[in-house]
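Single-letter residue listing:
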Amino acid sequence: RKELTCKDARLRELECELPRELPASPSDHQFLAHHIFVVDNSGSMKKCDVKLAGGGEQQRSEAVRNVVLHSCLQTWLSSGATPNERVSLIKLEAGTARMPFALFPLEGPLSMRMQIALSGEPQGHGPYLPALKSLLELCELAEPYLKDSAYTQVLFLTDGKPSDRM
């Protein structure tokens, strides 16, 4: 378990890494946007069937990593995103969902944090229900930190094969 650095006791309930500079009170600072990635890293993401433009194929998990790091983060950063926009990650793997980090500023160092969090071989089952529960909890706890005009964007990246028992 990572050290929890946030002063807001409610956010510490998320049991993930939080930024040190997050204000103790939501009224101290409000964010313009919250981008939440829910990423499937279950065993089915090992399959090597994503076609590359130059020919060949890559693993599904690698394709998702590229979308997150290049199509999303690098594009947002180069188009003028500010640290007043925040990013969180929920990862499905090994039969559960876990949140490596939440509410980090959308700035350069975030790319390395995301790359490290998304590394690791796909494994186990990828149940959606624990991820959706974590997503709901995160949205509820982060909401007071958002300006009235802010938006929350959820990107759920998976191969579409949930392993929840119904």
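No experiment lies behind these values; they were computed from the predicted model shown.

Student: I tried to follow unusual backbone geometry on my own but got confused; where do I start?
Tutor: Negative phi characterises most residues that are not glycine, and trans characterises most peptide bonds. Look at A94: it is not a glycine, yet its phi comes out positive at around 55°. Mapped onto the elements, A94 comes out in the loop between β4 (85-93) and β5 (96-105). According to the relative accessible area criterion, A94 is partly exposed, its value standing at 47%. One non-glycine residue with positive phi stands out, namely L103, at about 60°. You can see L103 is positioned in strand β5.

Student: How do you make sense of the packing of aromatic side chains when you look at a structure like this?
Tutor: The geometry of an aromatic ring pair is captured by two quantities: the separation of the ring centres and the angle between the planes. Applying the stated rule across the entire model yields four aromatic pairs. Between F31 and Y145, the aromatic rings sit 6.2 Å apart at their centres with planes inclined by 15°, giving stacked as the arrangement. With a gap of 114 residues between them, F31 in strand β1 (residues 31-40) and Y145 in the loop between α4 (128-142) and β6 (146-157) connect regions that are remote in the sequence. Using a relative accessible area of 0% as the deciding quantity, one classes F31 as buried. On the basis of relative accessible area, Y145 is assigned to the buried category, the value being 0%.

Student: Sorry if this is basic, but what is going on with α4 here?
Tutor: Since one α-helical turn is 3.6 residues long, residues separated by three or four positions face the same way. Counted at 1.5 Å a residue, the expected span for α4 with its 15 residues is 21 Å, and the 21 Å between its end C-alpha atoms agrees. Every buried residue belonging to α4 is among Y128, A131, S134, L135, L138, L141 and A142, and all of these are buried. Around the axis of α4, the buried residues are gathered within 160° of arc, so they sit on the same side. Facing away from the buried side of α4, by more than 90 degrees, are the exposed residues K133, L136 and E140. The inward-facing, buried residues of α4 contact α1 (9-12), β1, β4, β5 and β6.

Student: Just to check I follow, could you spell out the side chain of N84 for this structure?
Tutor: Following the sequence through the fold, N84 ends up in the loop between α2 (60-78) and β4. N84 sits in the buried class, given a relative accessible area of 17%. Beyond its immediate stretch of four places on either side in the chain, N84 contacts H29, Q30, F31, L32, A33 and K147.

Student: Help me out: how do you make sense of the sheet that holds β1 in this one?
Tutor: Strand-to-strand pairing in sheets goes through backbone hydrogen bonds, with the strands running parallel or antiparallel. The strand order across the open sheet formed by four strands is β5-β4-β1-β6, and the pairing between neighbours is mixed. The open sheet terminates on both sides in strands that have one partner only, identified here as β5 and β6. Going across the sheet, the axis of each strand differs from the next one's by a mean of 15°, ignoring polarity. Judged from the eight bridges that link them, β1 and β4 form a sheet pairing that is parallel. Each bridged residue has a counterpart across the sheet, and for F37 the counterpart in β4 is L89. Contacting β1 and β6, α2 runs over the sheet at an angle of about 170° to β1.

Student: Explain the packing of α2 against helix α3 (residues 109-118) to me, please; I cannot follow it from the model alone.
Tutor: When two helices pack together, their arrangement is given by the angle between the helix axes and by the axis-to-axis distance. Where α2 meets α3, the closest approach of the two axes is 11 Å, and the angle between their N-to-C directions is 170°. With respect to α3, the element α2 is oriented roughly antiparallel. In contact with R65, V68, L69, L73 and L77 of α2, α3 contributes L110, S111, M114, Q115 and L118.

Student: It is not clear to me how the pairing of strand β2 (residues 48-51) should be interpreted in this structure. Could you clarify?
Tutor: A regular strand places its side chains so that they alternate between the two faces of the sheet. Across three bridges, the pairing between β2 and strand β3 (residues 57-59) is antiparallel. Bridge pairing in β3 places C48 opposite Q59. Counting the residues that bridge the hairpin from β2 to β3 gives five residues, and of these G55 lies at a positive phi of roughly 100°.

What counts and what doesn't
- Residues numbered from 1 in each chain as written.
- Predicted model: local features only at pLDDT ≥ 70, side-chain atom pairs only at ≥ 80, totals over all residues.
- Heavy atoms only, no water.
- Helix = DSSP H or I, 4+ residues; strand = E, 2+ residues; numbered from the N terminus.
- Buried < 20%, exposed > 50% of the residue type's maximum accessible area, 1.4 Å probe, protein only.
- Phe/Tyr/Trp six-rings, centres within 6.5 Å; stacked < 30°, edge-to-face > 60°.
- Expected span 1.5 Å × (residues − 1).
- Arc of directions from axis to C-beta.
- Contact = heavy atoms within 4.5 Å.
- Pairing = 2+ DSSP bridges.
- Axes fitted to C-alpha atoms, helices over the stretch in contact; angles between N-to-C directions.
- Parallel < 35°, antiparallel > 145°, perpendicular 65-115°, else oblique.

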